[in-house]
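# Overview (structure and organization)
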Amino acid sequence: MVRMMETSVIDMTAGIDGTEMARAGRIIREGGLVAFPTETVYGLGANALDEEASAKIYAAKGRPSDNPLIVHICEFSALDKIASQIPEAAVKLADAFWPGPLTMIFPKTEMVPYGTTGGLDTVAVRMPDHPIAQALIEAGGGYIAAPSANTSGRPSPTKAAHVAEDLSGRIDMILDGGAVGIGLESTIVDLTGEYPVILRPGYINQSMLEAVIGKVKMDPGLTADDPNLRPKAPGMKYRHYAPKASLTIVEGEAQAVRRKINELAREEQKAGGMIGIIATQESAADYPIGIVKAAGTRTEELTIAMHLYSILREFDELGVSKIYSEAFDTPQMGQAIMNRLIKAAGHQIITA
Ligand code: TXA
Ligand code: MG
(Lines give C-alpha, C1' and ligand atoms only; values in the text may rest on other atoms or scores of the structure.)
(Ligands and ions follow the chains in the order given, each with its own letter.)
Protein backbone atom coordinates (compact mmCIF):
# COMPACT_ATOMS: atom_id res chain seq x y z
CA MET A 1 0.00 0.00 0.00
CA VAL A 2 1.19 3.48 -0.85
CA ARG A 3 0.37 6.11 1.74
CA MET A 4 -1.42 8.98 -0.05
CA MET A 5 0.08 12.42 0.50
CA GLU A 6 -0.10 15.93 -0.81
CA THR A 7 2.21 16.44 -3.80
CA SER A 8 3.57 19.97 -4.16
CA VAL A 9 4.20 21.10 -7.71
CA ILE A 10 6.91 23.76 -7.92
CA ASP A 11 7.12 25.87 -11.06
CA MET A 12 10.77 26.38 -12.02
CA THR A 13 10.17 27.02 -15.71
CA ALA A 14 11.44 30.58 -15.31
CA GLY A 15 14.49 29.55 -13.28
CA ILE A 16 15.61 27.72 -10.15
CA ASP A 17 14.04 28.90 -6.88
CA GLY A 18 16.79 28.45 -4.27
CA THR A 19 14.48 28.09 -1.26
CA GLU A 20 12.32 25.46 -2.94
CA MET A 21 15.42 23.66 -4.23
CA ALA A 22 16.78 23.49 -0.69
CA ARG A 23 13.44 22.03 0.43
CA ALA A 24 13.55 19.48 -2.41
CA GLY A 25 17.09 18.49 -1.37
CA ARG A 26 15.92 18.05 2.21
CA ILE A 27 13.06 15.80 1.09
CA ILE A 28 15.56 13.59 -0.78
CA ARG A 29 18.02 13.46 2.16
CA GLU A 30 15.17 12.54 4.50
CA GLY A 31 14.14 9.61 2.31
CA GLY A 32 11.29 11.18 0.30
CA LEU A 33 10.48 11.30 -3.43
CA VAL A 34 10.94 14.28 -5.78
CA ALA A 35 10.20 14.17 -9.52
CA PHE A 36 12.44 16.39 -11.67
CA PRO A 37 13.17 17.19 -15.31
CA THR A 38 16.23 15.88 -17.12
CA GLU A 39 17.18 16.44 -20.77
CA THR A 40 15.68 13.03 -21.70
CA VAL A 41 12.48 12.48 -19.67
CA TYR A 42 11.26 13.37 -16.15
CA GLY A 43 12.78 11.22 -13.39
CA LEU A 44 11.39 10.13 -10.02
CA GLY A 45 14.20 10.76 -7.55
CA ALA A 46 15.15 9.29 -4.19
CA ASN A 47 18.40 8.96 -2.24
CA ALA A 48 20.20 6.13 -4.08
CA LEU A 49 22.22 5.18 -1.00
CA ASP A 50 19.11 4.62 1.13
CA GLU A 51 17.43 1.28 0.48
CA GLU A 52 14.16 2.34 2.07
CA ALA A 53 13.99 5.46 -0.09
CA SER A 54 14.54 3.34 -3.22
CA ALA A 55 11.78 1.00 -2.08
CA LYS A 56 9.39 3.96 -2.10
CA ILE A 57 10.14 4.52 -5.81
CA TYR A 58 9.08 0.95 -6.62
CA ALA A 59 5.90 1.33 -4.59
CA ALA A 60 4.91 4.69 -6.10
CA LYS A 61 5.45 3.48 -9.69
CA GLY A 62 4.17 -0.07 -9.22
CA ARG A 63 7.53 -1.16 -10.63
CA PRO A 64 8.73 -4.80 -10.48
CA SER A 65 11.44 -5.00 -7.81
CA ASP A 66 13.94 -6.80 -10.08
CA ASN A 67 14.15 -3.75 -12.34
CA PRO A 68 17.22 -1.73 -11.26
CA LEU A 69 17.38 2.06 -10.98
CA ILE A 70 19.85 4.47 -12.58
CA VAL A 71 21.97 6.47 -10.11
CA HIS A 72 22.30 10.12 -11.15
CA ILE A 73 25.41 12.10 -10.19
CA CYS A 74 26.46 15.69 -10.84
CA GLU A 75 30.26 15.46 -10.71
CA PHE A 76 32.67 12.89 -12.11
CA SER A 77 34.42 12.36 -8.76
CA ALA A 78 31.19 10.81 -7.40
CA LEU A 79 31.62 7.87 -9.78
CA ASP A 80 34.56 6.45 -7.79
CA LYS A 81 32.40 6.01 -4.72
CA ILE A 82 29.74 3.86 -6.39
CA ALA A 83 31.63 2.05 -9.20
CA SER A 84 34.38 -0.39 -8.17
CA GLN A 85 36.05 -0.47 -11.60
CA ILE A 86 36.08 2.36 -14.11
CA PRO A 87 37.51 1.22 -17.46
CA GLU A 88 39.37 3.62 -19.75
CA ALA A 89 36.44 3.49 -22.20
CA ALA A 90 34.14 4.90 -19.53
CA VAL A 91 36.45 7.83 -18.90
CA LYS A 92 36.51 8.57 -22.63
CA LEU A 93 32.74 8.32 -22.94
CA ALA A 94 32.22 10.51 -19.89
CA ASP A 95 34.59 13.09 -21.39
CA ALA A 96 32.67 13.05 -24.64
CA PHE A 97 29.07 12.80 -23.44
CA TRP A 98 28.69 13.74 -19.74
CA PRO A 99 26.73 15.58 -18.66
CA GLY A 100 24.30 14.09 -21.18
CA PRO A 101 21.89 11.36 -22.21
CA LEU A 102 24.28 8.44 -21.61
CA THR A 103 24.03 5.82 -18.84
CA MET A 104 26.93 3.44 -18.17
CA ILE A 105 26.90 0.16 -16.23
CA PHE A 106 29.73 -0.62 -13.76
CA PRO A 107 30.40 -3.18 -11.02
CA LYS A 108 29.00 -1.54 -7.88
CA THR A 109 30.71 -0.77 -4.56
CA GLU A 110 29.24 -1.66 -1.16
CA MET A 111 27.96 1.87 -0.82
CA VAL A 112 25.16 1.12 -3.28
CA PRO A 113 22.41 -0.98 -1.68
CA TYR A 114 20.91 -3.96 -3.54
CA GLY A 115 17.54 -2.30 -3.13
CA THR A 116 18.69 0.29 -5.67
CA THR A 117 20.23 -2.18 -8.17
CA GLY A 118 17.38 -4.69 -8.14
CA GLY A 119 19.70 -7.23 -6.49
CA LEU A 120 22.44 -6.88 -9.14
CA ASP A 121 26.17 -6.46 -8.43
CA THR A 122 26.31 -3.76 -11.09
CA VAL A 123 25.11 -0.17 -11.01
CA ALA A 124 23.85 2.10 -13.81
CA VAL A 125 25.18 5.67 -13.59
CA ARG A 126 24.30 8.84 -15.47
CA MET A 127 25.17 12.53 -15.20
CA PRO A 128 22.18 14.44 -16.60
CA ASP A 129 22.53 17.65 -18.57
CA HIS A 130 19.80 19.73 -16.99
CA PRO A 131 20.28 22.59 -14.50
CA ILE A 132 17.33 21.54 -12.30
CA ALA A 133 18.47 17.91 -12.20
CA GLN A 134 22.03 18.96 -11.34
CA ALA A 135 20.89 21.33 -8.59
CA LEU A 136 18.65 18.64 -7.07
CA ILE A 137 21.42 16.01 -7.09
CA GLU A 138 23.73 18.46 -5.37
CA ALA A 139 21.12 19.53 -2.81
CA GLY A 140 20.04 15.92 -2.24
CA GLY A 141 23.48 14.62 -1.28
CA GLY A 142 25.04 13.67 -4.62
CA TYR A 143 23.42 10.32 -5.53
CA ILE A 144 19.87 10.23 -6.80
CA ALA A 145 18.25 7.01 -7.98
CA ALA A 146 15.70 7.87 -10.64
CA PRO A 147 13.64 5.86 -13.06
CA SER A 148 11.34 7.64 -15.48
CA ALA A 149 8.57 9.31 -13.45
CA ASN A 150 5.63 7.39 -14.92
CA THR A 151 3.43 4.64 -13.54
CA SER A 152 5.02 1.35 -14.62
CA GLY A 153 3.73 0.43 -18.10
CA ARG A 154 2.84 3.98 -19.20
CA PRO A 155 4.89 6.16 -21.57
CA SER A 156 7.70 8.10 -19.89
CA PRO A 157 6.75 11.68 -18.93
CA THR A 158 8.05 14.50 -21.08
CA LYS A 159 6.32 17.26 -19.09
CA ALA A 160 5.45 17.84 -15.45
CA ALA A 161 1.72 17.41 -16.17
CA HIS A 162 2.40 13.80 -17.25
CA VAL A 163 4.12 13.14 -13.91
CA ALA A 164 1.17 14.64 -12.02
CA GLU A 165 -1.26 12.49 -14.04
CA ASP A 166 0.52 9.31 -12.94
CA LEU A 167 1.96 10.06 -9.50
CA SER A 168 0.01 12.85 -7.85
CA GLY A 169 -0.71 11.91 -4.23
CA ARG A 170 2.04 9.26 -4.24
CA ILE A 171 5.17 11.46 -4.14
CA ASP A 172 6.28 14.50 -2.14
CA MET A 173 7.14 17.00 -4.86
CA ILE A 174 7.29 17.66 -8.59
CA LEU A 175 9.77 20.21 -9.94
CA ASP A 176 8.29 21.62 -13.14
CA GLY A 177 11.02 22.57 -15.61
CA GLY A 178 8.78 22.65 -18.69
CA ALA A 179 8.97 20.25 -21.61
CA VAL A 180 12.13 18.13 -21.92
CA GLY A 181 14.51 18.49 -24.87
CA ILE A 182 14.99 14.92 -26.10
CA GLY A 183 11.88 12.97 -25.12
CA LEU A 184 13.33 9.44 -25.09
CA GLU A 185 15.30 7.82 -22.27
CA SER A 186 19.12 7.79 -22.21
CA THR A 187 21.32 5.39 -24.15
CA ILE A 188 22.52 2.60 -21.83
CA VAL A 189 25.98 1.08 -22.39
CA ASP A 190 27.22 -1.93 -20.45
CA LEU A 191 30.97 -1.70 -19.83
CA THR A 192 31.30 -4.74 -17.58
CA GLY A 193 31.90 -7.31 -20.34
CA GLU A 194 34.55 -7.98 -22.96
CA TYR A 195 32.99 -5.48 -25.39
CA PRO A 196 30.86 -2.41 -24.69
CA VAL A 197 27.23 -3.32 -25.38
CA ILE A 198 24.25 -1.02 -25.95
CA LEU A 199 21.42 -2.24 -23.71
CA ARG A 200 19.01 0.56 -24.69
CA PRO A 201 19.37 2.81 -27.77
CA GLY A 202 18.93 6.56 -27.29
CA TYR A 203 19.95 9.99 -28.56
CA ILE A 204 23.62 8.96 -28.47
CA ASN A 205 23.71 6.23 -31.08
CA GLN A 206 26.07 3.37 -31.90
CA SER A 207 28.24 5.30 -34.36
CA MET A 208 28.63 8.25 -31.98
CA LEU A 209 29.87 5.84 -29.29
CA GLU A 210 32.14 4.01 -31.75
CA ALA A 211 33.73 7.28 -32.82
CA VAL A 212 35.00 7.59 -29.23
CA ILE A 213 35.82 4.02 -28.11
CA GLY A 214 35.80 1.77 -31.20
CA LYS A 215 33.61 -1.31 -31.63
CA VAL A 216 30.36 -1.27 -29.67
CA LYS A 217 27.79 -4.07 -29.95
CA MET A 218 24.01 -3.99 -29.73
CA ASP A 219 22.38 -6.30 -27.17
CA PRO A 220 20.93 -9.08 -29.40
CA GLY A 221 18.02 -9.34 -26.95
CA LEU A 222 16.82 -5.89 -28.11
CA THR A 223 15.75 -6.89 -31.59
CA ALA A 224 15.13 -10.61 -31.21
CA ASP A 225 11.65 -12.00 -31.70
CA ASP A 226 12.89 -15.11 -29.88
CA PRO A 227 11.37 -14.86 -26.38
CA ASN A 228 14.27 -16.94 -25.00
CA LEU A 229 16.75 -14.24 -25.96
CA ARG A 230 16.12 -11.77 -23.15
CA PRO A 231 17.39 -8.20 -23.18
CA LYS A 232 20.18 -7.67 -20.66
CA ALA A 233 18.65 -4.55 -19.11
CA PRO A 234 15.90 -6.03 -16.95
CA GLY A 235 13.56 -3.15 -17.77
CA MET A 236 13.71 -3.75 -21.51
CA LYS A 237 11.83 -7.04 -21.25
CA TYR A 238 8.64 -5.45 -19.99
CA ARG A 239 6.02 -4.16 -22.38
CA HIS A 240 6.69 -0.56 -21.43
CA TYR A 241 5.22 2.38 -23.25
CA ALA A 242 2.01 0.50 -23.94
CA PRO A 243 -0.95 2.58 -25.12
CA LYS A 244 -4.45 1.32 -24.31
CA ALA A 245 -5.38 1.03 -27.99
CA SER A 246 -3.75 -1.54 -30.21
CA LEU A 247 -0.93 0.08 -32.15
CA THR A 248 0.26 -1.03 -35.59
CA ILE A 249 3.37 0.35 -37.28
CA VAL A 250 3.42 0.50 -41.07
CA GLU A 251 6.83 0.65 -42.73
CA GLY A 252 7.82 0.92 -46.37
CA GLU A 253 8.01 3.52 -49.11
CA ALA A 254 6.36 6.82 -48.04
CA GLN A 255 3.40 6.81 -50.47
CA ALA A 256 2.71 3.10 -49.94
CA VAL A 257 2.66 3.66 -46.16
CA ARG A 258 0.07 6.41 -46.50
CA ARG A 259 -2.13 4.23 -48.76
CA LYS A 260 -1.88 1.27 -46.39
CA ILE A 261 -2.69 3.32 -43.28
CA ASN A 262 -5.70 4.88 -45.04
CA GLU A 263 -6.91 1.42 -46.06
CA LEU A 264 -6.59 0.10 -42.48
CA ALA A 265 -8.29 3.23 -41.12
CA ARG A 266 -11.24 2.80 -43.49
CA GLU A 267 -11.71 -0.80 -42.35
CA GLU A 268 -11.58 0.20 -38.69
CA GLN A 269 -14.03 3.03 -39.33
CA LYS A 270 -16.48 0.59 -40.94
CA ALA A 271 -16.17 -1.62 -37.87
CA GLY A 272 -17.21 1.37 -35.76
CA GLY A 273 -13.79 2.03 -34.24
CA MET A 274 -12.10 5.34 -33.42
CA ILE A 275 -8.78 5.83 -35.15
CA GLY A 276 -5.57 7.60 -34.20
CA ILE A 277 -2.78 8.16 -36.70
CA ILE A 278 0.82 9.10 -35.91
CA ALA A 279 2.19 11.02 -38.88
CA THR A 280 4.59 13.87 -39.56
CA GLN A 281 4.12 17.40 -40.80
CA GLU A 282 5.03 16.11 -44.26
CA SER A 283 2.23 13.53 -44.35
CA ALA A 284 -0.52 14.67 -41.95
CA ALA A 285 -2.70 16.19 -44.70
CA ASP A 286 -2.74 12.88 -46.59
CA TYR A 287 -4.86 11.11 -43.96
CA PRO A 288 -8.55 11.99 -44.39
CA ILE A 289 -9.85 9.56 -41.73
CA GLY A 290 -9.20 9.52 -37.98
CA ILE A 291 -7.48 11.80 -35.52
CA VAL A 292 -4.15 12.65 -37.09
CA LYS A 293 -1.23 13.82 -34.96
CA ALA A 294 2.00 15.04 -36.50
CA ALA A 295 4.82 13.95 -34.21
CA GLY A 296 7.14 16.46 -35.82
CA THR A 297 9.04 16.80 -39.05
CA ARG A 298 11.29 14.26 -40.74
CA THR A 299 13.83 17.00 -41.43
CA GLU A 300 14.31 17.44 -37.66
CA GLU A 301 14.16 14.03 -36.06
CA LEU A 302 14.39 15.37 -32.51
CA THR A 303 10.89 16.81 -32.96
CA ILE A 304 9.59 13.26 -33.55
CA ALA A 305 11.36 11.83 -30.48
CA MET A 306 10.13 14.73 -28.38
CA HIS A 307 6.44 14.29 -29.14
CA LEU A 308 6.09 10.51 -29.36
CA TYR A 309 5.26 9.71 -25.71
CA SER A 310 3.01 12.72 -25.40
CA ILE A 311 0.98 11.58 -28.43
CA LEU A 312 0.60 8.08 -27.01
CA ARG A 313 -0.79 9.61 -23.82
CA GLU A 314 -3.16 11.86 -25.80
CA PHE A 315 -4.55 8.89 -27.73
CA ASP A 316 -5.11 7.09 -24.41
CA GLU A 317 -7.13 10.03 -23.17
CA LEU A 318 -9.17 10.23 -26.36
CA GLY A 319 -9.96 6.53 -26.05
CA VAL A 320 -9.15 5.58 -29.65
CA SER A 321 -9.51 1.87 -30.48
CA LYS A 322 -6.69 1.60 -33.03
CA ILE A 323 -3.51 3.58 -33.60
CA TYR A 324 -1.60 3.40 -36.87
CA SER A 325 1.89 4.87 -37.00
CA GLU A 326 4.36 5.52 -39.75
CA ALA A 327 7.82 4.03 -39.14
CA PHE A 328 10.55 6.54 -38.28
CA ASP A 329 13.91 5.25 -39.48
CA THR A 330 15.59 8.61 -39.09
CA PRO A 331 19.41 8.91 -39.29
CA GLN A 332 20.53 9.55 -35.69
CA MET A 333 17.68 8.53 -33.42
CA GLY A 334 15.83 6.11 -35.70
CA GLN A 335 16.99 3.09 -33.76
CA ALA A 336 15.85 4.58 -30.45
CA ILE A 337 12.51 5.85 -31.78
CA MET A 338 11.71 2.51 -33.43
CA ASN A 339 12.80 0.56 -30.32
CA ARG A 340 10.20 2.42 -28.21
CA LEU A 341 7.53 2.39 -30.90
CA ILE A 342 7.91 -1.35 -31.62
CA LYS A 343 7.59 -2.07 -27.91
CA ALA A 344 4.50 0.11 -27.64
CA ALA A 345 3.09 -1.82 -30.61
CA GLY A 346 3.82 -5.17 -29.00
CA HIS A 347 5.81 -5.96 -32.20
CA GLN A 348 2.85 -5.39 -34.57
CA ILE A 349 4.68 -4.06 -37.60
CA ILE A 350 3.65 -4.54 -41.22
CA THR A 351 5.26 -3.62 -44.51
CA ALA A 352 3.20 -1.59 -46.96
O1 TXA B 1 16.94 8.97 -19.48
C2 TXA B 1 16.90 8.17 -18.55
O3 TXA B 1 17.71 7.23 -18.43
C4 TXA B 1 15.79 8.36 -17.49
C5 TXA B 1 16.10 9.67 -16.76
C6 TXA B 1 15.15 9.90 -15.62
O7 TXA B 1 17.42 9.67 -16.33
N8 TXA B 1 15.72 7.25 -16.61
C9 TXA B 1 15.22 6.04 -16.99
O10 TXA B 1 15.16 5.09 -15.97
O11 TXA B 1 14.84 5.80 -18.11
P12 TXA B 1 14.29 3.77 -16.06
O13 TXA B 1 14.34 3.19 -14.71
O14 TXA B 1 12.96 4.09 -16.61
O15 TXA B 1 15.10 2.85 -17.01
C16 TXA B 1 16.32 2.31 -16.57
C17 TXA B 1 16.72 1.13 -17.39
C18 TXA B 1 15.85 -0.08 -17.12
O19 TXA B 1 15.59 -0.75 -18.36
C20 TXA B 1 16.76 -0.92 -16.22
O21 TXA B 1 16.46 -2.28 -16.30
C22 TXA B 1 18.12 -0.59 -16.75
O23 TXA B 1 18.06 0.78 -17.02
N24 TXA B 1 19.19 -0.80 -15.75
C25 TXA B 1 19.39 -0.12 -14.59
N26 TXA B 1 20.42 -0.62 -13.90
C27 TXA B 1 20.93 -1.64 -14.63
C28 TXA B 1 22.00 -2.57 -14.44
N29 TXA B 1 22.76 -2.55 -13.36
N30 TXA B 1 22.21 -3.50 -15.41
C31 TXA B 1 21.41 -3.52 -16.53
N32 TXA B 1 20.38 -2.67 -16.76
C33 TXA B 1 20.14 -1.75 -15.82
MG1 MG C 1 11.14 3.85 -17.50
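All of the points below concern the structure found in this document. (Residues numbered from 1 in each chain as written. Chains lettered and ligands numbered in written order. Predicted model: local features only at pLDDT ≥ 70, side-chain atom pairs only at ≥ 80, totals over all residues. Heavy atoms only, no water.)

## Overview of the pattern of salt bridges
So the rule is basically this: For this analysis, a salt bridge means a side-chain nitrogen from Lys or Arg found within 4 Å of a carboxyl oxygen belonging to Asp or Glu. The helix and strand labels rest on DSSP assignments: H or I over at least four residues marks a helix, E over at least two residues marks a strand, and numbering proceeds from the N terminus. Exposure classes here rest on a 1.4 Å probe applied to the protein chains alone. A residue is buried below 20% of its type maximum, exposed above 50%, and partly exposed in between.
According to the stated counting rule, one finds 15 salt bridges in the structure shown. The residue arginine 154 makes a salt bridge to aspartate 316 at a minimum N-O spacing of 3.4 Å. Placement of arginine 154 in the loop between strand E7 (144-145) and helix H6 (160-167) and of aspartate 316 in helix H9 (residues 301-318) is noted, with a sequence separation of 162 residues between them. Between lysine 215 and glutamate 210 there is a salt bridge, and its shortest N-O distance comes to 3.7 Å. Assessed through its relative accessible area of 52%, lysine 215 is described here as exposed. Judged by its relative accessible area of 27%, glutamate 210 is partly exposed. A cluster of three or more residues bridged by salt bridges with shared partners is formed by Arg154, Glu165, Asp166, Arg313 and Asp316.

## Concerning H6
Cut-off, in case you're wondering: Each C-beta atom gives one direction from the helix axis, and the arc is the one those directions make. Here, two residues are considered to be in contact whenever any of their heavy atoms come within 4.5 Å of each other.
Three or more residues of H6 are buried, namely Ala160, His162, Val163, Asp166 and Leu167. On an axial view of H6, the arc spanned by its buried residues comes to 155°, and they lie on one face. Elements that come into contact with the buried residues of H6 comprise strand E2 (34-36), strand E3 (43-47), helix H2 (51-61), strand E8 (173-176) and H9. Phi turns positive one or two residues past the end of H6, at glycine 169, with a value near 90°.

## Focus: the packing of helix H1 (residues 18-29) against helix H5 (residues 131-139)
Our working rule: Helix axes are fitted only over the stretch in contact, all axes being lines through C-alpha atoms; the angle between N-to-C directions runs from 0 to 180 degrees. Angles are sorted into four bins: roughly parallel if under 35 degrees, roughly antiparallel if over 145, roughly perpendicular if 65 to 115, and oblique for all others. Less than a right angle of anticlockwise turn of the near helix away from the far helix marks a crossing as left-handed, whereas a clockwise turn marks it as right-handed.
The geometry of H1 relative to H5 is characterised by a closest axis approach of 8 Å and an angle of 55° between their N-to-C directions. What the angle tells us is that H1 and H5 run oblique. Read as a crossing pair, H1 and H5 show a hand that is right-handed. Residues Met21, Ala24, Gly25, Ile28 and Arg29 of H1 lie in contact with H5, whose contacting residues are Ile132, Ala135, Leu136 and Ala139.

## A look at helix H10 (residues 334-344)
With respect to burial, H10 is a largely interior element, 9 of its 11 residues being buried. Residues of H10 that are buried: Gly334, Ala336, Ile337, Met338, Asn339, Arg340, Leu341, Lys343 and Ala344. Lining the buried residues of H10 we find strand E10 (197-200), strand E12 (246-251), H9, strand E15 (322-326) and strand E16 (349-351).

## Observations concerning the sheet that holds strand E5 (residues 102-107)
This is how it is decided: For two strands to be treated as a pair, DSSP must find at least two bridges joining them.
What the 11 strands build is an open sheet, ordered E1-E8-E2-E3-E7-E4-E6-E5-E9-E10-E11; its pairing is mixed. What marks the edges here is a single partner per strand, and that holds for strand E1 (8-11) and strand E11 (217-218). In this sheet, strand E6 (residues 122-126) lies alongside E5 in antiparallel orientation, the contact comprising 5 bridges. Each residue of the ladder has a partner; that of methionine 104, found in E6, is valine 125.

## So, empty space enclosed by the protein
Going by this rule: A cavity here means a set of 1 Å grid points, computed over protein atoms only, where a 1.4 Å probe fits but cannot escape. A pocket is an open set with protein on both sides within 12 Å along at least 5 of 7 lines, and lining residues have an atom within 4 Å of a point. Grid points are joined across faces, edges and corners, and a volume is the space filled by probe spheres set on the points. Three categories are distinguished: nonpolar for Ala, Val, Leu, Ile, Met, Phe, Trp, Tyr, Cys and Pro, charged for Asp, Glu, Lys and Arg, and polar for the others, with Gly belonging to the last. Each domain's limits were defined by an automated method or a database of domain assignments.
Tallied over the entire structure, the rule returns 1 cavity of 30 Å³ or more. Quantified by volume, the largest cavity comes out at close to 40 Å³. Together, Thr187, Ile198, Pro201, Gly202, Ile204, Asn205, Gln206, Gln332, Met333, Gln335 and Ala336 line the largest cavity. In terms of residue class, the lining of the largest cavity is built from 5 nonpolar, 6 polar and no charged. Here the lining of the largest cavity spans two domains, since at least three of its residues come from each of domain 1 (8-222) and domain 2 (246-351).

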